[in-house]
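Structural overview
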Amino acid sequence: MSENLLEIKDLYVSYGGIKAVKGINIEVPKGEIVTLIGANGAGKSTTLRTIAGLVKAESGSIMFKGEELIGVETNDVVSKGITLVPEGRRVFPDLTVLENLKIGAYMRTDNLDADIKWIYELFPRLEERSWQLAGTLSGGEQQMLAVGRALMSKPELIMMDEPSLGLAPIVVQGIFDIIKEINNQGVTILLIEQNANMALKAAHRGYVMETGSITMQGKGVDLLNDESVKAAYLGKKK
Amino acid sequence: MSLNVFLQHCLTGISLGGAYALIAIGYTMVYGILRLINFAHGEIFMIAGYFMIFATANFGWAVGIPVTLIATVVLGVVVERLAYKPLREAPRMSIMISAIGVSYLLQNLTTYLFTALPKPYPEIPILKQIYNIGGLSASLVTFITPILTIILVFILVYIINHTKIGMAMRAVSKDFETSRLMGIKINKVISTTFVIGSALAAVGSILYFTDRMSVTPFSGTLPGLKCFVAAVIGGIGSVPGAVVGGFIIGICETMMIALGYSTFSDAFTFVLLIIMLLFRPTGIFGEKTIDKV
Ligand SMILES: Nc1ncnc2c1ncn2[C@@H]1O[C@H](COP(=O)(O)OP(=O)(O)OP(=O)(O)O)[C@@H](O)[C@H]1O
Ligand SMILES: [Mg+2]
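Residues numbered from 1 in each chain as written. Chains lettered and ligands numbered in written order. Predicted model: local features only at pLDDT ≥ 70, side-chain atom pairs only at ≥ 80, totals over all residues. Heavy atoms only, no water.

Overview of the sheet that holds strand β2 (residues 18–29) of chain A
Residues and elements named next belong to chain A. Using the following cut-off: What makes two strands pair is DSSP finding at least two bridges between them. Each helix corresponds to a stretch of at least 4 residues labelled H or I by DSSP, and each strand to a stretch of at least 2 residues labelled E; elements are numbered beginning at the N terminus. Pairs of residues are marked as contacts when any of their non-hydrogen atoms sit within 4.5 Å. Interaxial angle, 0 to 180 degrees, is taken between N-to-C directions of lines fitted to C-alpha atoms, where a helix line uses only the stretch in contact.
Within the open sheet, the four strands sit side by side as β2-β1-β4-β5. Their pairing is antiparallel. The open sheet is flanked by β2 and β5 (67–68), the only strands paired with a single partner. Pairing of strand β1 (residues 4–15) with β2 involves nine bridges; the strand directions are antiparallel. Bridging across to β2, Leu6 finds its partner in Val28. Docked against the sheet, helix α1 (residues 44–51) engages β1, β2 and β4 (59–64), running at close to 115° with respect to β1.

So, in structure tokens, the structure goes:
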């Protein structure tokens, strides 16, 4: 039994009167890939944004390495070793590729050269486009940049919100390869995906979210073979 | 008009334009980062005039200048903290109205404290000395203003494009939330923007009032408006745009006066604004936004 890096207990989040997250419990063990799947509007992004401190929780607790994250400012969450690759990439369009990587390491004061080299090894495409403005990259390249930028902060936990959205199947495969590689290097991953099939295959553990609640959880492979998951998210019927 | 007289007017216009450019940068930078037209900026410029009057009276002009710079910066940052920061999540109209409120508050406060009578601006003897260069004669401040403006603009552009804080400013001006995710303290970056804008307004104020010789609580209104127009003409959000806009307004205004249309010179500024808004609403250097979904 490995220890939990992140532990969400009984978390409630609402926007004005609308309850978006209704008392969820999620555990992310150190060194694993955990995926959160579910229909549109289920509250997946809200969950990640609350962890990152962008949205205020109503009640509950989010423990990271034994420290409470609720009420902590986003920049302090980042400095504790958590990073979020936001939904829709959100690279800085009029910064160059290299600047986008550097800004990912904004909190760091040490030398970045080795890590920039590492990112360029992961994504050789980015190295070729080092001086290009990020806004002129293709969607897939922007996604690579968003992941690379997040890695530059040297996170212990990287949260990704639909990294494969809108990408060609071959590129999606590439993104998943990278996710596994990053994980092999010791980074814990909390992943939101629409592509439930691939996500569950890659993940050690999965959670299914529906209208603000966790309805199912288990090992990735078990969920993959679960009939109701198959019907609802994998588009297969037996 | 002989060539020499024409050049003389050009020099005056360029010099006035330099002062306008320094003030216009404050509008453009704050707009760039907060999408706010900081209506109080003209009043900050005016109060910098009063700071200089009192600082010089007490410590002489050599100490008075740095004191003025620091006091103006503090004022600009305090205004941001008290009147704009609490409205960060509010609709843009609220913060705009807050800015108009601050503008009137500062104007009335100065009237209350110092009366509406013009106060003589201190003479800085070196700046008032008359020089003759290539047949053109003017006080040193007239020669210095455009040169100082260009130097400051180069430093500023370097900071924005080549330093870590500059990179953060460019990032925050595009996307608050993602900037937060990078670990950037956006309030610190916004304060830095107000520090720079206010410091440049203080420099502009010293150069401008040295030529005008007196300050009233209303001295900031019209220059403030003109510099806002300069920023719009240059393309609001763009620093080089604000500089070019400032020079255009300064030169046009001086030429109008030289040609005997001084009554219309202010109106002309606004005619220029309307023409610009009609034919090129994004201004000379206005950004064409690339939006990728
Ligand atoms: N800023 C907001 N203000 C009000 N309601 C919001 C806001 N953001 C999200 N919501 C609502 O909260 C609910 C959960 O949204 P969330 O973005 O977390 O869903 P999601 O699971 O990420 O969906 P998707 O798969 O479509 O990205 C939705 O009903 C949404 O309309
Ligand atoms: Mg989402």
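A short note on the interface of chain B and chain A
Rules: In short, buried area is how much 1.4 Å probe accessible area vanishes from two parts on joining, totalled over both. For this document, the term salt bridge refers to a Lys or Arg side-chain nitrogen within 4 Å of an Asp or Glu carboxyl oxygen.
Between chain B and chain A, the residue contacts involve 21 residues of the former and 28 residues of the latter. Together, the buried faces of chain B and chain A total about 2,200 Å²; carbon and sulfur atoms form 61% of this surface. In this assembly, chain B and chain A are joined by five salt bridges. The element best represented in the side of chain B that touches chain A is helix α7 (residues 164–174) of chain B, accounting for seven residues.

Regarding the coordination of the magnesium ion (ligand 2)
Residue and element names in this part refer to chain A. Heads up, the condition is: The rule for donors is simple: N, O or S, within 2.8 Å of the metal, or within 3.2 Å if the metal is Na, K or Ca. Water isn't counted, so a site may look like it is missing partners. Throughout this description, buried means an accessible area under 20% of the type-specific maximum (1.4 Å probe, protein chains only), exposed means over 50%, and partly exposed covers the range between.
Coordination of the magnesium ion (ligand 2) by the protein involves Ser45 (OG) and Glu87 (OE), with metal-donor separations of 1.9 to 2.5 Å. One end of the pair, Ser45, is in helix α1; the other, Glu87, is in the loop between β6 (82–85) and α3 (97–104), with 42 residues separating them in the sequence. Classification of Ser45 as buried rests on a relative accessible area of 16%.

Here's the deal with the packing of aromatic side chains
Residue and element names in this part refer to chain B. Heads up, the rule is: Note on aromatic contacts: the rings of Phe and Tyr and the six-membered ring of Trp form a pair at centre separations within 6.5 Å, being stacked when their planes are under 30 degrees apart, edge-to-face when over 60 apart, and tilted otherwise. Only Lys NZ and Arg CZ are tested; either one counts as a charge over a ring when it is within 6 Å of the ring centre and within 35 degrees of the ring normal.
All told, the structure shown has nine aromatic pairs over all chains when counted by the stated rule. With a centroid separation of 4.7 Å and 20° between ring planes, the pair formed by Tyr50 and Phe114 is classed as stacked. Here Phe114 lies in helix α4 (residues 92–114) and Tyr50 lies in helix α2 (residues 41–59), a separation of 64 residues in the sequence. Just as Tyr50 is buried, Phe114 falls in that class too. Put simply, the rings of Tyr20, Phe45, Tyr121, Tyr208 and Phe209 pair up and form one aromatic cluster. In this structure, Arg212 packs its charged tip against the face of Tyr208, placed 4.2 Å from the ring centre.

Remarks on the side chain of Thr35 of chain A
Short version of the rule: Two N or O atoms form a polar contact when they lie within 3.5 Å of each other; inside protein one atom must be a possible hydrogen donor and the other a possible acceptor, and for residues adjacent in sequence the pair counts only when both atoms belong to side chains.
Looking at the element boundaries, Thr35 of chain A is found in strand β3 (residues 33–38). Within polar-contact distance, the side chain of Thr35 of chain A engages the backbone oxygen of Leu191 of chain A at 2.9 Å.

Digging into the environment of Pro122 of chain B
All names here are of chain B. Mapped onto the elements, Pro122 comes out in the loop between β1 (119–120) and α5 (125–128). The sequence separation of Pro122 and Val244 amounts to 122 residues, and the corresponding C-alpha distance is 29 Å. In this structure, Pro122 is in contact with Met52, Ile53 and Thr56, ignoring residues within four places of it in sequence.

Considering the environment of Phe270 of chain B
As for its position among the elements, Phe270 of chain B is in helix α12 (residues 265–279). Note: C-alpha distance between Phe270 of chain B and Leu225 of chain B (45 residues apart in sequence) is 9.3 Å.

Points about the confidence of the model for chain B
How we decide: pLDDT is defined as a per-residue confidence score from the predictor, taking values between 0 and 100.
Residues with a pLDDT of 70 or more make up 97% of chain B, whose mean pLDDT is 93. Quick note on the complex model: pTM equals 0.91, ipTM equals 0.91.

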